[in-house]
Amino acid sequence: MKKSLLGLMGTFCVMGMCSTSAMASPMPQMSPAPYALADGYPIHMPGSVTLHGETYLPLWYLIHDLQRAGISSHWEAGSWVIHLPGLQLQPIGKLAVAGVPVVVNGTTIAILPGMNRVDPFSHKTTFFVNMTDMDRVVQALGWQVSFNGSQWQADSPSLQSLKIALTDTSSSPFYQANAIEHLHMQTQLTQTAINDLKSAQQSMPTSENLTIQTKMEVGKVAGQRAELAEVTTQMQDSTIPPQSSEVYIQGNHLYERMLNSSGSTQGQGQWMESTISEKLLKLEENPELGADLSLSMLRNIHITATSGDTTTYAAQLDTSSLERYMSLLFSESGLSGLAGQENLSSSQMLYLLNHILQTTKMQLHLTVSGQGDNAKLSKETAQMSFSITPNMFGKSLGQQMTAYIKQIEANIDLQLTYTYNNTPVTPPSDLPQNESSTTGATYGSGQ
């Protein structure tokens, strides 16, 4: 994906030494710059220039941020020269007689007009280019461009392919997913806690390793989308037996229960039922919206490997976007009920989650198999780390914890695999009866 991003550079990168086109009155006005994303990577700009209702953007900042993303290109003899091996260029003609040539693979694909204006950050002259002209060049390179009045976004062909794969995965009438997660937690105790434990002749594990396995099936039941999952948590080097839970979703109904230590349903806990909100249900039922949401939480998306019809993408987590989604998920789902189970209020739980996310770092790899409309996710791997400190629990509870705990650090390795077998989903036979569920009945994929 980084190679494809080189094409975007050709639309952006010019320095302040180029000639400018004549501008008539009224005088250009400096305005806030729109939020800009290139393949999910944020482009930071100090401002934009508005003239006759047209927006002009400063190119130096676009160059700088894209270079930080690992893109190589260069300025040569008054032109911005970039190399994209194998790119099929679409001629668009010259945009101006005077301006800065954009040269890709030895071919001048555009001449960008613009204006020199003082950069409000550096107070030096820099070159601004018309956003409309920039869009034409980006589109000639095979990129998709959108602007909603406040956010400018450009998606390379690689990102477009990933979006198609995410959409096709979510819209698949049936699939199975198996996940295994290894969690290591390290707790730093205060000296007060160490002394108290010693006086009481007790010990507390400061290093814990957990393995969490999830098996999920997705299909249709009574014409409604259905998901059945079993989650098992095993604490390593412990005599505590594995803990398992079962989750079933059908339509807008969500059911959860604990299983016994052997994983069977005999003697298990009672089903807890909740309703999925309209907002979350819309995301679930609209795969394209779900794909947009997933991509909005990733940054610096790029291809790391290609073999046959299999492509692997790498990306980093954008914690601010995930924080906004978690706030929606918390308020619109049954997660607020979880807070009560953990002896935390809803506001305390959300406060804790948001602060954990601010310390979270994650590198994600997505493997897509197939091409075009047949492309689907086949594997995901992720490495994540975060830390928890007492102040994250709020003032009252945090002060109590500060006497005993300095910090908890967590590292997670996750691997998730997908299959697409036409296997029916069988609802649990003892679900609470309601108008929209059909308990005990087995249905196929709904094809």
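Along each chain, residues carry numbers from 1 onward, in the same order as the chain's sequence is written. The predicted origin of the model limits local features to residues at a pLDDT of at least 70 and limits the giving and counting of side-chain atom pairs to 80 or more, whereas totals for whole chains, interfaces and linings rest on all residues. Each side-chain value is derived from all of the structure's non-hydrogen atoms; neither hydrogens nor water enter the calculation.

Details of the overall build of the protein
At step 1: Helix and strand assignments come from DSSP, with helices taken as H or I runs of at least 4 residues and strands as E runs of at least 2, each series counted from the N terminus. Secondary structure summary: the protein contains 11 helices and 24 strands in total.
At step 2: Burial status follows relative accessibility: with a 1.4 Å probe on protein chains alone, a residue under 20% of its type maximum counts as buried, one over 50% as exposed, and anything between as partly exposed. The proportion of buried residues among the 447 residues of the protein is 44%.
At step 3: Using a 1.4 Å probe, accessible areas were evaluated by the Shrake-Rupley method; residue-level cover was limited to the displayed protein chains. Surface summary for the protein: the accessible area is close to 22500 Å², and the carbon and sulfur share equals 51%.

What about the sheet that holds strand E6 (residues 74-76)?
At step 1: One open sheet holds the 4 strands; their spatial order is E6-E7-E8-E9, and the pairing between them is mixed. The open sheet has two free edges, formed respectively by E6 and strand E9 (107-112), since each of these has just one partner strand. Adjacent strand axes in the sheet meet at a mean angle of 30°, parallel and antiparallel pairs treated alike.
At step 2: The pairing criterion for strands is at least two bridges between them, as found by DSSP. Sheet analysis places E6 next to strand E7 (residues 79-82), joined by 3 bridges and oriented antiparallel. Each residue of the ladder has a partner; that of Trp75, found in E7, is Trp80. In this analysis an axis means a line fitted to C-alpha atoms, helices contributing only their contacting stretch, and an angle means the value between N-to-C directions, from 0 to 180 degrees.

Thoughts on unusual backbone geometry
At step 1: In this structure, Gln201 is a non-glycine residue whose phi angle is positive, near 55°.
At step 2: Checked against the element boundaries, Gln201 lands in the loop between helix H5 (191-199) and strand E15 (207-221).
At step 3: In this structure, Ala222 takes a positive phi of about 50° despite not being glycine.
At step 4: Inspection of the secondary structure assignment puts Ala222 in the loop between E15 and strand E16 (224-235).

Quick look at the pattern of salt bridges
At step 1: Each reported salt bridge corresponds to a side-chain nitrogen of Lys or Arg within 4 Å of a carboxyl oxygen of Asp or Glu. This structure, assessed with the given rule, holds 2 salt bridges.
At step 2: For Arg257, the salt bridge goes to Glu246, with nearest N and O atoms at 2.9 Å. Of this pair, Arg257 sits in strand E18 (residues 253-258) while Glu246 is found in strand E17 (residues 243-250), placing the two residues 11 residues apart along the sequence. This pair shows no difference in class: Arg257 is buried, exactly as Glu246 is.
At step 3: On the accessibility criterion, Arg257 (5% relative accessible area) is buried.
At step 4: One connected set of salt bridges, linked through shared partners, spans Glu246, Arg257 and Asp430.

Remarks on the confidence of the model for the protein
At step 1: Looking at any residue, its pLDDT shows the predictor's confidence there, from 0 to 100. When pLDDT is averaged across the protein, the result is 77; 77% of the residues are at 70 or more.
At step 2: Here a residue-residue contact requires only that any non-hydrogen atoms of the pair lie within 4.5 Å. Taken together, the stretch residues 435-447 has pLDDT below 50 and engages in 40 contacts with residues farther than four places along the chain or on a different chain.

Looking at the sheet that holds strand E22 (residues 361-369)
Strands belonging to one sheet form pairs held by backbone hydrogen bonds; the direction of such a pair is parallel or antiparallel.
At step 1: Ordered in space as E19-E18-E17-E16-E15-E14-E24-E23-E22-E21-E20, the 11 strands form an open sheet in which the pairing is antiparallel. Whereas interior strands pair on both sides, the edge strands pair on one side only; in this sheet they are strand E19 (272-275) and strand E20 (298-307). Averaged over neighbouring strand pairs, the angle between their axes works out to 15° when direction is ignored.
At step 2: Looking at chain direction, E18 and E19 are connected through 4 bridges and run antiparallel. Each bridged residue has a counterpart across the sheet, and for Glu256 the counterpart in E19 is Met272.

Focus: helix H4 (residues 157-171)
For an α-helix, the turn length of 3.6 residues means that residues three or four places apart are oriented alike.
At step 1: Between the first and last residue of a helix there are one fewer steps than residues, each counted as 1.5 Å, and that sum is the expected span. In a regular helix each residue adds 1.5 Å, so 15 residues correspond to 21 Å; H4 covers 21 Å between its end C-alpha atoms and thus fits that length.
At step 2: All of the buried residues in H4 are Ser158, Leu159, Gln160, Leu162, Ala165, Leu166, Thr167, Asp168 and Thr169.

Quick notes on the pairing of strand E23 (residues 376-388)
At step 1: Where E22 and E23 come together, 9 bridges link them in antiparallel fashion. Across the sheet, the residue bridging to Val368 is Leu377, located in E23.
At step 2: Remark: 6 residues form the turn of the hairpin made by E22 and E23, two consecutive strands paired antiparallel; Gly370 in that turn has positive phi of roughly 95°.
At step 3: Here E23 pairs with strand E24 (residues 405-419) via 10 bridges, running antiparallel.

Side note on the nonpolar core
The tendency in soluble globular proteins is for nonpolar side chains to be buried side by side.
At step 1: Joining through side-chain atoms within 4.5 Å is the link that ties buried Ala, Val, Leu, Ile, Met, Phe, Trp, Tyr and Cys residues into a set, and such a set is a nonpolar core. Leu162, Ile301 and Val368 are the most contacted members of the largest nonpolar core, which has 28 residues in total.
At step 2: In terms of nonpolar packing, the next biggest core, distinct from the first, is built from 26 residues, Ala38, Leu84, Met131 and Leu141 among them.

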